[in-house]
Number of protein chains: 2
Amino acid sequence: MKIALDALGGDFGAKPNVLGALKAAKELKLEVILVGNEAVLREELKTLGYADLPKNISIVHAPQTIDMGAEPAKECRSKKNASIVVCANLVRRGQADAFVSAGHSGAAMVAALFGMGRIKGVQRPAIATPMPTYKGVSLLLDGGANADCKPIHLLQFAVMGSAYMQKVFDIPAPSVGILSIGEEETKGNFLVKHTIPHMREIGVNFKGTVEGRDVNTGDTDVIVCDGFVGNIVLKMAEGLAKTMIQMIKREIKKRPLAVLGALLAKGAFKAVKNHTNPDCYGGAPLVGVNGVAIISHGKSNDFAIFNAIKTAARLVEKDFIGDIAAKMAALKPTFEAIEKEIHQEEA
Amino acid sequence: MKIALDALGGDFGAKPNVLGALKAAKELKLEVILVGNEAVLREELKTLGYADLPKNISIVHAPQTIDMGAEPAKECRSKKNASIVVCANLVRRGQADAFVSAGHSGAAMVAALFGMGRIKGVQRPAIATPMPTYKGVSLLLDGGANADCKPIHLLQFAVMGSAYMQKVFDIPAPSVGILSIGEEETKGNFLVKHTIPHMREIGVNFKGTVEGRDVNTGDTDVIVCDGFVGNIVLKMAEGLAKTMIQMIKREIKKRPLAVLGALLAKGAFKAVKNHTNPDCYGGAPLVGVNGVAIISHGKSNDFAIFNAIKTAARLVEKDFIGDIAAKMAALKPTFEAIEKEIHQEEA
């Protein structure tokens, strides 16, 4: 198996990518293709003691870089030698089985769409983000690829998210919830109210609505929402956790006894930090594109990159793409009937 | 000044309401009208040592109760003697200057709308919720009254939220942000992208977008969003803070030294808890209705009720309603031009 890695992606340059790739090549018995500026990558490998490439690591030279401030679609169209574009094209041509990137997630989505296309029947691919919870992990999608969604998109997210939790976390019938503002299925916004009635028609284990206060309990395996709400929820979870830690630290610093106490309780805090560390959860798959593509967050360390590669390999092994394609084909008449019904309601 | 209190509202019945009212009547030199079942209220007052009513406390008998599971509009229409309906009618008839309720927020909004109407020019009243942050407090609106919004609604929320932060927190030019999914003003969903261009035309101190990760930093005084996103954000902040504390406790319990440490650091944790205690921030005003109306959360204690009454009194004193009415009148041509422009864009 070959995994293409966007080897200069992320905030920390080559190092965490190369280290993660080396570890994956060694432990997972797969090949990693480092995609990026060859000179920079060779230099990094040399610094790490690999003047000669290990036999299951190769390099594909891709000297261009995506301008983060620019429009991803324009960037991906005009820069054929940008590492992320090259990664997607390697997968399309069958020269890699999957790609992993810690670079700009918008660019990764565009590159995957342009290079690999969508799985037949999928209207909108989504970013599916594993989110740390009290009990373990929940998958939230869409994490930000589609700011405005229609009911059919959310229904497809539910199907794809369930498939992911089955394949990666071995949950036989993942529970599915829709993010909303009340337990009653009559509450919510237009999108949610028009999605809920069809959730029980698509073969997922639908459990009803999930309110904001229950997002992080871990009671629901798959939480669907539009990409606007999803992105706010994900970033807020990150931000609020950080703010709380800062508040606790601020108050501890004011009290000498509390400083001592915090030292004694250090192990407990570290355990919480580890438990909520997104690096453990193997990155966020772009679900619905026609090939395995995993994005890892910009601050990924080598451990996060290793886990993302591991997840990518697992999805390839388990034929995640084939599974979604089969589900989409089987659900085609159902989705068509739902769209027709919603279209009539709106008219 | 007279404040009507929905005296059986909230999860804990009469006690916190009556205690909060007694404190307010004593310390704030105002009259509190307890609205609810008279027998129950007299019993509670008797238990608390007030067999005779203090002279600035009165009771208005309102024996009906709102069924939380039912449609608020139906409930408020059919139950003229429900305490929340009576509260709103007291304000309309000038027999009270404001009302406070810890009951069902949807019912409070409906009762206020039916009883008091909207301020002229306001299209959609909103729930404005003070949210604890690292630096202090930010006002988020809409907190859940309007699940689907149009740009004009968000623009009006910005004006009303700014007026609130001026009046209650003495901030001369409150900073205003719009909740979105990127710093770039070209990102966001349809609603946000169509609202942003007009934010600088309405006389508020607009600072741009606020991302999920910055919701709780306190860098922005007023954060506007639709009521669907707002409600999710507010409930998530509550839920996530709770989840984090549970996680920390779980890990501390596993480690004897950490248990000792937590004891030593107790004061710091308590300070964080106090700082993030919503009871301190005086409840959430229903902005845009034609009269001062404050809702307090269901788990309000007497301190929360006291603070909500205090805020209500302050808004009356500072002529909050007159201020919004004047701003709406002055902005009438601007809002009309914006609506026309958006209407043309959509057509």
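Nothing here was measured: the structure is a model prediction, and the numbers come from that model. (Residues numbered from 1 in each chain as written. Chains lettered and ligands numbered in written order. Predicted model: local features only at pLDDT ≥ 70, side-chain atom pairs only at ≥ 80, totals over all residues. Heavy atoms only, no water.)

**Focus on helix α8 (residues 227-253) of chain B**
All names here are of chain B.
Turning to step 1, where the next piece is worked out: Its 27 residues place the ends of α8 39 Å apart at the C-alpha level, agreeing with the 39 Å of an ideal helix rising 1.5 Å per residue.
Turning to step 2, where the next piece is worked out: With 19 of 27 residues buried, α8 lies mostly within the body of the structure.
Turning to step 3, where the next piece is worked out: In this structure Asp-226 caps α8, since a side-chain oxygen of it lies 2.9 Å from the backbone nitrogen of Phe-228. (Helix = DSSP H or I, 4+ residues; strand = E, 2+ residues; numbered from the N terminus. Expected span 1.5 Å × (residues − 1). Buried < 20%, exposed > 50% of the residue type's maximum accessible area, 1.4 Å probe, protein only. Polar contact = N/O pair within 3.5 Å; in protein donor to acceptor, adjacent residues only side chain to side chain.)

**Section: the sheet that holds strand β9 (residues 205-211) of chain A**
Residue and element names in this part refer to chain A.
Turning to step 1, where the next piece is worked out: If you trace the five strands from one edge of the open sheet to the other, you get β6-β7-β10-β8-β9, paired in mixed fashion. In this open sheet, the two strands that pair with only one neighbour each are β6 (129-132) and β9. Averaged over all pairs of adjacent strands, the angle between their axes in this sheet comes to 30°, without regard to strand direction.
Turning to step 2, where the next piece is worked out: Of the pairings in the sheet, the one linking β6 to strand β7 (residues 137-141) comprises four bridges and is antiparallel in character. Directly across from Thr-129, in β7, lies its bridge partner Leu-140.
Turning to step 3, where the next piece is worked out: Contacting β7, β8 (175-180) and β10 (222-224), helix α6 (residues 151-169) crosses the sheet at an angle of about 150° to β7. (Pairing = 2+ DSSP bridges. Axes fitted to C-alpha atoms, helices over the stretch in contact; angles between N-to-C directions. Contact = heavy atoms within 4.5 Å.)

**Description of the relation of the copies chain B and chain A**
Turning to step 1, where the next piece is worked out: When chain B is fitted onto chain A, the two copies agree to an RMSD of 0.0 Å after a turn of 180° and an axial shift of 0.0 Å. In the structure described here, the two chain copies are related by an operation that fits a two-fold rotation axis. For chain B, the minimum C-alpha distance to the rotation axis belongs to Gly-261 of chain B and amounts to 1.7 Å.
Turning to step 2, where the next piece is worked out: Most of the interface of chain B is mirrored in chain A, where 100% of its interface residues are also at the interface. (Least-squares fit on C-alpha atoms with pLDDT ≥ 70 in both.)

**Overview of the side chain of Ser-175 of chain B**
All names here are of chain B.
Turning to step 1, where the next piece is worked out: Along the polypeptide, Ser-175 turns up in strand β8 (residues 175-180).
Turning to step 2, where the next piece is worked out: For Ser-175, a relative accessible area of 8% translates into the label buried.
Turning to step 3, where the next piece is worked out: Discounting chain neighbours no more than four positions away, the residues touching Ser-175 are Asn-205, Lys-207, Asp-219, Thr-220, Asp-221 and Val-222.

**A few points about the interface of chain B and chain A**
Turning to step 1, where the next piece is worked out: With 52 residues of chain B at the contact, the number on the chain A side is 53 residues.
Turning to step 2, where the next piece is worked out: Interface area for chain B against chain A, summed over the two sides, is near 5000 Å², with a carbon-plus-sulfur share of 74%.
Turning to step 3, where the next piece is worked out: Taken as a group, Tyr-134, Phe-228 and Met-236 of chain B account for 14% of the area that chain B buries against chain A, more than any other trio of residues on that side.
Turning to step 4, where the next piece is worked out: At the junction of chain B and chain A, the tally comes to two salt bridges. (Buried area = accessible area lost by both parts, 1.4 Å probe. Salt bridge = Lys/Arg side-chain N within 4 Å of Asp/Glu carboxyl O.)

**Comments concerning helix α12 (residues 320-346) of chain A**
Residues and elements named next belong to chain A.
Turning to step 1, where the next piece is worked out: Its axis deflected by about 55° at Leu-331, α12 carries its strongest bend there, up to four residues before the proline Pro-333.
Turning to step 2, where the next piece is worked out: If you check which residues of α12 are buried, you get Phe-320, Ile-321, Asp-323, Ile-324, Met-328, Leu-331, Phe-335, Ile-338 and Ile-342.
Turning to step 3, where the next piece is worked out: Looking at the buried residues of α12, the elements they touch are α6, α7 (190-195), β11 (284-287), β12 (292-295) and α11 (302-317). (Bend = angle between axes of the 7 residues up to and from the residue.)

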